[in-house]
Every structure is written in C-alpha cells, then in structure tokens.
Amino acid sequence: MRKVTRYPVEGPNALWQIYKTVSPWKGVKNFICIQAARYCPILPLKNWIYRHLIGMQVGEHTAFGLMVMVDVFFPEKIRIGKNSIIGYNSTILAHEYLIDEYRLGEVVIGDHVLIGANTTILPGVTIGDRAVVAAGAVVHKDVAPGAFVGGNPLRDLKRSSDIDAEDEPVAVGSRWPDG
C-alpha cells in the first residue's frame, strides 16, 4: 500500500477544487521552472532549478533525462538520492486528484537508482538504493533496494546475471544472444 494522506472533498471533483489546496501562483511559478528544466541540456543547471526554485531534494550527480515531468503542485514532496538517473519523459507525481478526494504522498528515490524512460512514479512510494525500474513501468508500490522491476502492474524481473549460461547462450565476442 502506498503511503498517502487522503483528503475528502465535497461538491465538484477534487481537481476542480485544486486552488483550495495549493496557490495558483505556486502552480504557475513551478510550471514555468519545470518546463525550463525539462528542456535544459545542462544537468547541473537543471538540478539547480529543481533544488532552488521549486524545493525538491536532489542528490549530487543525479541526472534527469530530457522531458522528465515532476509534480507541479507539490515538488517539495520529492526526494532523490545521489548518482541516480531519471529516464527520458518519466513522470514523478506527489499528488492525485480524484472525484471525492485528493491524496498527497512523498516520493523517495534512493541513491544509485536507474529509472527507465517513460516511467510513471505515483505518490507515496519509496524506491530503494541501487534499484532498477524498467522503461515504461508504473511504480504503484515500494521497490526494494537492489530490485529490478518493471511493467504495469509492477513486478520483479530477472537480471541477466540471474539467468543460467545454458538458458541464454551468447556468441563469443558478442554482447547480445544470437549475434
């Protein structure tokens, strides 16, 4: 179960009531800063924007690929450790606005974590140190340190080192099977 706090709403759906929970000016400022960072090719500058302009905790040498989208309304609830990579076009959310409630949850990504391209990380999850999340995954639950996960729904995947040599023959001098 994800670690989120639920806030019930009455009346129109929760997203329609968003500016009761977050300042519209904060949303506009964060949106502009995040859009600049999404297209910025200079990794230290990108991290500076995240740390100093929108309040994320980003570890040293962490790299955000092009087009990564972080939570516009609650980026301060995102913590990413050192030397991690967030792949191209991934999304990190710290909020969910539903019909009858909204939910907020911290996202904690450890040190030396690899997040593949086009991954969606939902609020309230922790991804442990040295974990690998395959491209296109939807992270809807915690990921153990060192785990290799992927898919939707998220599940454990085998590492190439876990496969017996006789199961996956590799030609001499080749990085890939059958090649």
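Everything numeric here is computed off the predicted structure, so don't read it as measured data. (Residues numbered from 1 in each chain as written. Predicted model: local features only at pLDDT ≥ 70, side-chain atom pairs only at ≥ 80, totals over all residues. Heavy atoms only, no water.)

Engineer: How should the sheet that holds strand 17 (residues 155-156) be read in this particular structure?
Structural biologist: Hydrogen bonds between backbone atoms are what pair the strands of a sheet, whose relative direction is either parallel or antiparallel. Pairing in this open sheet of 6 strands is mixed, and the strands run 3-6-11-14-16-17 from one edge to the other. In this open sheet, the two strands that pair with only one neighbour each are strand 3 (63-64) and strand 17. Bridge analysis of strand 6 (residues 85-86) against strand 11 (residues 114-115) gives 2 bridges, and the strand direction is parallel. The residue of strand 11 that forms the bridge with Ile-86 is Ile-115. (Pairing = 2+ DSSP bridges. Helix = DSSP H or I, 4+ residues; strand = E, 2+ residues; numbered from the N terminus.)

Engineer: Honestly, the nonpolar core in this entry has me stumped. Any pointers?
Structural biologist: Side chains of nonpolar character tend, in soluble globular proteins, to be buried together. Formed by 42 residues in total, the largest nonpolar core has its most connected members in Met-56, Phe-64, Val-70, Ile-92, Ile-109, Ile-121 and Ile-127. Elements supplying a minimum of two residues to this core: helix 1 (24-39), helix 2 (43-53), strand 4 (69-70), strand 5 (78-80), strand 9 (101-104) and strand 10 (107-109). In this view, Phe-64 contacts Leu-43, Lys-46, Asn-47, Tyr-50, Met-56, Val-58, Val-70, Ile-80 and Ile-86; residues no more than four positions away in its chain are not counted. (Core = buried A, V, L, I, M, F, W, Y, C linked by side-chain atoms within 4.5 Å. Buried < 20%, exposed > 50% of the residue type's maximum accessible area, 1.4 Å probe, protein only. Contact = heavy atoms within 4.5 Å.)

Engineer: Got a minute to help me understand the pattern of salt bridges in this structure?
Structural biologist: A side chain with one charge may pair with a side chain of the opposite charge, provided their charged atoms come close. Across all of its chains, the model carries 7 salt bridges by this definition. Notably, a salt bridge pairs Arg-2 with Glu-96, separated by 3.1 Å at the nearest N-O pair. Of this pair, Arg-2 sits in the segment before strand 1 (5-8) while Glu-96 is found in strand 8 (residues 95-97), placing the two residues 94 residues apart along the sequence. By the burial criterion, Arg-2 is buried, and Glu-96 matches it. Measuring nitrogen to oxygen at the nearest pair gives 3.1 Å for the salt bridge that ties Arg-6 to Glu-101. In this pair, Arg-6 is assigned in strand 1 and Glu-101 in strand 9, connecting sequence segments 95 residues apart. Exposure remark for Arg-6: the relative accessible area of 44% places this residue in the partly exposed category. Linked by salt bridges that have partners in common, Arg-2, Arg-6, Glu-96, Glu-101 and Arg-103 make up one network. (Salt bridge = Lys/Arg side-chain N within 4 Å of Asp/Glu carboxyl O.)

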